[in-house]
Amino acid sequence: MLRSCAARLRTLGALRGPPGGRRLPGREPRPALRSFSSEEVILKDYSVPNPSWNKDLRLLFDQFMEKCEDGSWKRLPSYKRIPAEKIQDFKTHLLDPKLVKEEQLSQTQLFTRSFDDGLGFEYVMFYSDVEKRMVCLFQGGPYLEGPPGFVHGGAIATMIDSTVGMCALMAGGVVVTANLNINYKRPIPLCSVVMINSQLDKVEGRKFFVSCNVQSVDEKTLYSEATILKILAREDRVEG
Amino acid sequence: MIRRGFQVAARLGHHRGLLGAPRILPRLNPASAFGSSTDSVFSRFLPEKTELKDDALPNASWCLDMLCLYQEFLEKTKSSGWIKLPSFKSNRDHIGLNLPSGLAVSSDKGDCRIFTRCIQVEGQGFEYVIFFQPSRKKSVCLFQPGPYLEGPPGFTHSGSLAAMMDETFSKTAFLAGEGVFTLSFNIRFKNLIPMSSLVVMDIEVGKIEDQKLYMSCIAHSRDQQTVYTKSSGVFLQLQLEEESPQ
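Here the structure is a predicted model, which is why all the values come from computation and not from measurement. (Residues numbered from 1 in each chain as written. Chains lettered and ligands numbered in written order. Predicted model: local features only at pLDDT ≥ 70, side-chain atom pairs only at ≥ 80, totals over all residues. Heavy atoms only, no water.)

Q: What exactly am I supposed to notice about the overall build of chain B here?
A: Scanning chain B from terminus to terminus reveals 5 helices and 7 strands. Tracing chain B from N to C terminus, the helices and strands come up as α-α-α-β-α-β-β-α-β-β-β-β. When each of the 246 residues of chain B is scored for burial, the buried share is 58%. In chain B, of all internal contacts separated by at least 6 residues, the share reaching a separation of at least 24 is 71%. (Helix = DSSP H or I, 4+ residues; strand = E, 2+ residues; numbered from the N terminus. Buried < 20%, exposed > 50% of the residue type's maximum accessible area, 1.4 Å probe, protein only. Contact = heavy atoms within 4.5 Å.)

Next up, the structure:
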């Protein structure tokens, strides 16, 4: 069952994308963290400003939205869940929420969207197909703490992995992570905004080599650098 | 244990005495391999107040494998010098000390949570417990990823796995040598981890030099037949300052 599921429901996990529903019919749904009506949850796009977004994040958002005007950049909408059957058409449905139907929704919840506004991951991603570049504007909230006052290294790793995964997804297809290598230069203060820039470096067969850096909004401070190897998914195993 | 004189306490002007419930302390004997600096790090790690909820305790969501191994390690805390680390909702409850001035950030953030305890609903997020053996600078983390950590359908999100590993490295580095910040981190993913199954992480501290702690980790299934990941981490040592009286 897993193999056929994996074949249909290609991985988005290494990416920020929501996982498909592998649950068997008849299984009880888990209680949602929030008590929204299911319809509201389907259609709500989380990659738009909300009251918890600070000034830096809004400013950067506006700057990138301007870049989208001529079509060279695209803003990626971000949902809590995505219907299982639509996973293979992920790219299309990612960009057209009207195609999402309520009854096809899975009950699983995306990890990076499991928090109330401002408490966890606040982010939006923009993609340039020409440059094969994914930029994620990220504000880490108080539930992501590591050393007191700073974002947990693991939360940074999660966002790097998600951003890079989306980059590989848009450039090639659904992938799993094979190697993740991060150098932390400076700790990121909690509730500050950073830009995660990921760039597809090369493709060798099913291997996608992506590099990434995390910078301050003025690009003067380098917080982390990473190199990641993603593999185009096949069945339910990671190769390499 | 605190009554042993150690130079480090004098250096820190440290008066916090007293360690929490005896069940948390290792059983010491004079031939113990504990260094004096380890003792003071432990005493800083364990808060005086003990009404904080320890999340690293069995609950109804723990699978059988996890419960069994937990029991095995609990036995080792009585006989072989292992310690079960308490795990609180916020790192500030553990460390309770200021980072060196120049690094400290104003903490007006309200309710902060350590990332690996961000999801407080039983069984949904990170279920884990860390055991540490000071004499050999080794630790073991028993980790059960919940449904909110799903990545590929039925399997664990690689980011959440990276987070768990970073957290275990972080606590190990802190107790083994006052490591505080991650400098670098490398993970090789070998096999996907089925959702809600037990992952056993074995961590060893290698060398400590130039203010850096080097650690390695292998995450595997309980029967050791499947290796999930191999990873390594380097942490920066920092001498923490004592908390100023309020």
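Q: Hey, could you run me through the state of the cysteines in this one?
A: Simply put, disulfide is the name for a covalent bond between the sulfur atoms of two cysteines. All names here are of chain B. Inspection of the entire model under this criterion finds 0 disulfides over all chains. Here C141 stays free of any disulfide, with the sulfur of C217 as its closest cysteine sulfur at 8.3 Å. Residue classification places C141 among the buried positions, given a relative accessible area of 0%. (Disulfide = S-S within 2.5 Å.)

Q: I'm lost on the pattern of salt bridges in this one. Help?
A: Pairing is possible between side chains of opposite charge, provided their charged atoms come close. Under the counting rule described, the total for this entry stands at 15 salt bridges over all chains. With its nearest N and O atoms 3.6 Å apart, the salt bridge here joins E225(A) to K185(A). Of this pair, E225(A) sits in strand β7 (residues 222-232) while K185(A) sits in the loop between β4 (175-184) and β5 (193-204), placing them 40 residues apart in sequence. We classify E225(A) as partly exposed; its relative accessible area is 34%. In this structure, the salt-bridge partner of D55(B) is R117(B), at a minimum N-O distance of 4.0 Å. (Salt bridge = Lys/Arg side-chain N within 4 Å of Asp/Glu carboxyl O.)

Q: Can you walk me through unusual backbone geometry in this structure?
A: Across the chain, the bulk of peptide bonds are trans and the bulk of non-glycine residues have phi less than zero. Residue and element names in this part refer to chain B. Of note in this structure, E178 is not a glycine but carries a positive phi near 60°. Mapped onto the fold, E178 is located in the loop between α5 (158-177) and β4 (179-189). In this structure, Q224 is a non-glycine residue whose phi angle is positive, near 65°. Judged by relative accessible area, Q224 falls into the exposed class, the value being 55%.

Q: Would you explain the confidence of the model for chain A in this entry?
A: Do not read the fine detail of predicted coordinates wherever pLDDT is low. All names here are of chain A. Mean pLDDT over chain A: 76, with 67% of residues reaching 70 or higher. Segment residues 4-37 is flagged for pLDDT under 50; beyond a separation of four residues in sequence, or across chains, it makes 113 contacts in the model. Scored below 50 in pLDDT, residues 89-107 shows 45 contacts in the model against residues more than four places distant or in partner chains. (pLDDT = per-residue confidence, 0-100.)

Q: Could you clarify how one ought to interpret the pairing of β7(A) in this entry?
A: All names here are of chain A. In the sheet, β4 pairs with β7 via 9 bridges, with the strands oriented antiparallel. Residue pairing across strands places N181 opposite T227, the latter belonging to β7. The sheet contact formed by strand β6 (residues 207-216) and β7 spans 9 bridges and is antiparallel. Bridging from a neighbouring strand, F208 pairs with K230 of β7. Linking β6 to β7, which pair antiparallel, is a turn of 5 residues; within it E219 sits at a positive phi near 60°. (Pairing = 2+ DSSP bridges.)

Q: Looking at this model, I keep getting lost on the nonpolar core. Mind explaining?
A: Soluble globular proteins tend to bury their nonpolar side chains together. F121(A), F138(A), I160(A), I196(A), F143(B), M165(B) and M201(B) are the most contacted members of the largest nonpolar core, which has 81 residues in total. The element contributing the most residues to this core is helix α5 (residues 153-171) of chain A, with 11 residues. Residues in contact with F138(A), not counting those within four places in the same chain, are L57(A), F121(A), E122(A), Y123(A), L144(A), M159(A), S192(A), V193(A), V194(A) and I196(A). Y70(B), V129(B), L142(B) and V200(B) belong to the second largest nonpolar core, which has 14 residues in total. (Core = buried A, V, L, I, M, F, W, Y, C linked by side-chain atoms within 4.5 Å.)

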